[in-house]
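The lines below spell out each chain.
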Amino acid sequence: MRPQVLLFISVLSFSAVFGQVSYSVPEEMAKGSLVGNVAQDLGLDVKRLRSGNGRVYSGDSTDYVELNTQRGVLLVKERMDREALCGDTTPCALHFQIVLENPMEFYSVTVEIIDINDNAPTFEKGEIKFTISESTSVGAKFDLERAVDLDVGMNTLQTYLLEPSVHFSLKLQNHADGTKNVEMVLQKPLDREKNELITLVLTAVDGGEPQMSGTMQIIITVLDANDNAPVFTHSIYKATVTENSAKGTVVTVVSASDADQGLNSKITYSITNTMDEVRQMFDVNEGNGEVRLIGHLDYEKKRHFQINVRSRDNGGLTDSCKVMVDVVDINDNEPIIKIMSKSAVISESASPNTVVTMINIQDPDAGQNGKVQCFLNDNIPFLLKLTTNNIYSLATESELDRESASEYNITVTCSDEGLPSLSSSVTLTLQISDVNDNAPVFERSSYEAYLVENNTPGLSIFIVKATDADWNQNARVSYILEDTSINGVPVSSYVSISADSGVIHAVRSFDYEQIKNFQFRVKAQDGGSPPLSSNVTVKILIQDQNDNPPQVLYPVQTGGSMVAEMVPRSADVGYLVTKVVAVDVDSGQNAWLSYKLQKATDRALFEVGLQNGEIRTIRQVTDKDAVKQRLTVIVEDNGQPSRSATVIVNVAVADSFPEVMSEFSDFPHDKEYNDNLTFYLVLALAVVSFLFITCLVVIISVKIYRWRQSRILYHSNLPVIPYYPPRYSDTLGTGTLPHVYNYEVCRTTDSRKSDSKFGIAGSQNKLIMDPSSTGTMQWIQSEKSILDEPDSPLEQKPPNNDWRFTQGQRPGPSGATGGPEVAMGTGPWPQPPTEAEQLQALMAAANEVSEATATLGPGTMGLSTRYSPQFTLQHVPDYRQNVYIPGSTATLTSNPQQQQATAQQATQQALPPPQASAQAEPPKAAQTPASKKKSTKKEKK
């Protein structure tokens, strides 16, 4: 039969949650058979059964069911015989509890044992004999022994069959308790002469599947007439007896009477109960019908007895009655205290109403004798609460403090309400365990430590200390670095800490110049569960060491170039040549720098400022001083030991750049850079020239178009346009397109910057330097221009002095002024220039541009532009003296001397005839002061 499950869940108002589940299983199941999935039915996790040490608690009774915690099911432990366990009690059920710990919980389980048809109806005797008088009238009843079927329900005895049924029939009388009284009724008169001995078979049949039966043989001897049967005065007798009654106590007396006389009226009494404990507990006197107690009664085991008493006369006639005996309870059992589950240790952090022990209180007595009251001893923070089914929970009433009391002896006393009252007690010992309720505390709110840089990795820096007020493992403090980063680097790569001692070690060597200080947090954590912790900030200050020499920022020392500072020969005492700039990445006194002159070409000429590094002259510069001066300056810091650096300063004692170039001719050149610079310069000039020529062509075309229109309009003849040579200029050389053309290049070998100035005079020399050459600069004397020769056919005559611009009318810078020979507002033109004259000037300018572009040659000169902070404007060319026209090689100048020189040169030139087409020779290069000195030296030699 498949187990039937009835699940009842009840939630009760106390700390643990309880449930109730019922199962129905057939009896006689084999060991290990499944009773039910208690984990699923109660909604429990199998892990909870294992972790809570789930077990079956059934009191003192035999464990017929066991709990399989691995599967969460109940299994049959012992074979269950319903008849042996419950007898005729229905329903038959086993009651037990499933107890869990941590936290404590219990669940009530009821297993109902379902009867199976495993017992056939049986009779106590295999045969019975009756002696019946033939005078017995029809309808006479003869009481038969009832069969006994230990099964219940449909499996128990259901009916009787009597065969053969010629003279007798069966009459079944149902009682309120479910039993059947079997009577054999005479339905046909007996005839001794025909049948003196009658044999019948009584069959008892149950209702089980398969159906089972039992038989008893009835032997009837037919006698002569005894026509009156005994009759009891009451069909049912009731009696009460206390459970402590002594043996021999008369319970009641039954009485029957027979109307017959003589032997037929003699009645005997007997108990007809079969196969139960009635015959072991009671007996009836055959003669007087006294029912006496022959056993020991126990109210807790059986509370009611039914005694079947039969009366019989000598004629075999019988009658029956029932004696109902009720056992009266007395207070003979003291309460039984059983510990279902208990905790020997409880944490001091347990909240109120925390269950520490579960107690089952049992008193087998009934009524007031079974009512139990339990209480605890005084002055303890615990209380006892009734949960259900006489189960009490011992719980905390308030918060616990281990420091106040580390142990409690709890006495539980239970008393019933019987007279006299009985009681029992049990003492429980409960230890209070410590909890981690105190966090570690550092000795200081923050820490600072100093560490000298360049330390050895692994060096101990200092110690942090924290204490914990807890006990044992909860007071064990461990030190941990919090996971932070310093400048993007984990703090663990800087320092480490000993987890036990709190000693902080340096993981690596520190450099003050890279990091001057850093801070991190240390966490002190105890060994509790969960652990408590506190934090403290630790700041490490790195102390500087003199481990870095000074670094010279200026002058820059490069391997491929030479930097020179110029000092004019007219420099006075104290003239600032340059300034040595140096820094020291150290700090404090380690960064205090002093400057000293270590070596010099002429120590009597220069000195170095001790604190500021300024190089100044200490005497007047003379012509005897060498142009090339080499100074070695040493820079020292103030550390211990001191560190130093040296720098070489090249000083050029000269008044001009060409003179410097002649001495510093061994400068290395960057050919690739020179080539690139020349290429870009030529490209830029070509583009600008192209744009300029394009503009000229457009302007000329517009002018010609307007001129033709004007000639047609006025019907006038075209005037003869005089031809001006390409090198035409006005008298003072300040016209729009002068022939003066200068070309200078100022360049350093390391700065990649150049200053260019263009201008070439027809009567001056030209300085050319081969970009691929590393030797001495060559001064090339250009050929003398044809225009410089007096007899040249291309020489122009000086123009009319009236044909000049005033200084305010000439193009140039707004601040330009005229020469001393030109008065402001004098020399105006008699008439404005005609368009033909303007066209003439434009054509001359175009020729000038093309010729200047053709004669332009690349060339560079090396000269330092690394000026010191005190470098004066005397080293910088005065760009205000020249104004450059983009796209043109012409220069507008406001220098009076240059204007005068240009005017004098222009007076020597004349306009050539239109047929003259000879090309002028390239002008000679002008002499520089350096070349003049060289020529002077050669003449002396």
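Quick note: structure is the one above.
What you see is a predicted model; the values in this text were computed from it and never measured. (Residues numbered from 1 in each chain as written. Predicted model: local features only at pLDDT ≥ 70, side-chain atom pairs only at ≥ 80, totals over all residues. Heavy atoms only, no water.)

Enquirer: Looking at this structure, how should I read the overall build of the protein?
Expert: Counting secondary structure elements, the protein contains nine helices and 56 strands. Sorting the 941 residues of the protein into buried and exposed places 43% on the buried side. Across the protein, contacts joining residues at least 24 apart in sequence account for 68% of those joining residues at least 6 apart. As displayed, the protein offers around 49,200 Å² of accessible surface, 51% of which is attributable to carbon and sulfur atoms. (Helix = DSSP H or I, 4+ residues; strand = E, 2+ residues; numbered from the N terminus. Buried < 20%, exposed > 50% of the residue type's maximum accessible area, 1.4 Å probe, protein only. Contact = heavy atoms within 4.5 Å. Areas by Shrake-Rupley, 256 points an atom, 1.4 Å probe, with all protein chains shown as cover.)

Enquirer: What exactly am I supposed to notice about the sheet that holds strand 29 (residues 382-388) here?
Expert: The strands that make up a sheet are held in pairs by hydrogen bonds between backbone atoms, and each pair lies either parallel or antiparallel. The sheet built from four strands is open, its strands ordered 25-27-30-29 with antiparallel pairing. Each of the sheet's edge strands pairs with one partner strand only, and the pair in question is strand 25 (336-342) and strand 29. Strand-to-strand twist in this sheet, taken as the mean axis angle between neighbours without regard to direction, amounts to 30°. Direction of pairing for strand 29 relative to strand 30 (residues 391-396): antiparallel, over a ladder of six bridges. Looking across to strand 30, one finds that phenylalanine 382 is bridged to threonine 396. (Pairing = 2+ DSSP bridges. Axes fitted to C-alpha atoms, helices over the stretch in contact; angles between N-to-C directions.)

Enquirer: I'm lost on the environment of isoleucine 540 in this one. Help?
Expert: For isoleucine 540, the location among the structural elements is in strand 43 (residues 533-543). The buried category is assigned to isoleucine 540, whose relative accessible area is 0%. A C-alpha to C-alpha distance of 8.6 Å links isoleucine 540 and lysine 516, two positions 24 residues apart in sequence. When neighbours within four sequence positions are excluded, isoleucine 540 is seen to be in contact with Ala449, Leu451, Ile461, Phe462, Lys516, Asn517, Phe518 and Phe520.

Enquirer: How should I be thinking about the sheet that holds strand 24 (residues 318-328) in this particular structure?
Expert: Read from one edge to the other, the open sheet built from four strands follows the order 17-24-23-20, with strand pairing classed as mixed. Each of the sheet's edge strands pairs with one partner strand only, and the pair in question is strand 17 (236-242) and strand 20 (267-271). Going across the sheet, the axis of each strand differs from the next one's by a mean of 25°, ignoring polarity. Looking at chain direction, strand 23 (residues 304-313) and strand 24 are connected through nine bridges and run antiparallel. Paired with asparagine 308 across the bridge in strand 24 is lysine 322.

Enquirer: Explain the pairing of strand 15 (residues 213-223) here, please?
Expert: Looking along a regular strand, one sees the side chains alternate between the two faces of the sheet. Pairing geometry for strand 9 (residues 127-133) and strand 15, over seven bridges, is parallel. Following the sheet pairing, threonine 131 is matched in strand 15 by threonine 221. The pairing of strand 14 (residues 197-206) with strand 15 spans nine bridges and is classified as antiparallel. Bridged to leucine 200 within strand 15 is isoleucine 218. Counting the residues in the hairpin turn of strand 14 and strand 15 gives six residues.

Enquirer: What is the right way to read the state of the cysteines from this model?
Expert: Cysteine pairs can be linked by a disulfide, which is a covalent bond between their two sulfur atoms. If you walk through the whole model with that rule in mind, you get two disulfides. The side chain of cysteine 374 participates in a disulfide bridge whose partner is cysteine 414; the two sulfur atoms lie 2.1 Å from each other. The sign of the 110° torsion about the S-S bond sets the cysteine 374-cysteine 414 disulfide as right-handed. With cysteine 374 in strand 28 (residues 372-376) and cysteine 414 in strand 31 (residues 407-416), this residue pair connects regions lying 40 residues apart in the sequence. Sequence-ordered numbering of the bonded cysteines in the protein gives a pairing of 1-2, 3-4. (Disulfide = S-S within 2.5 Å.)

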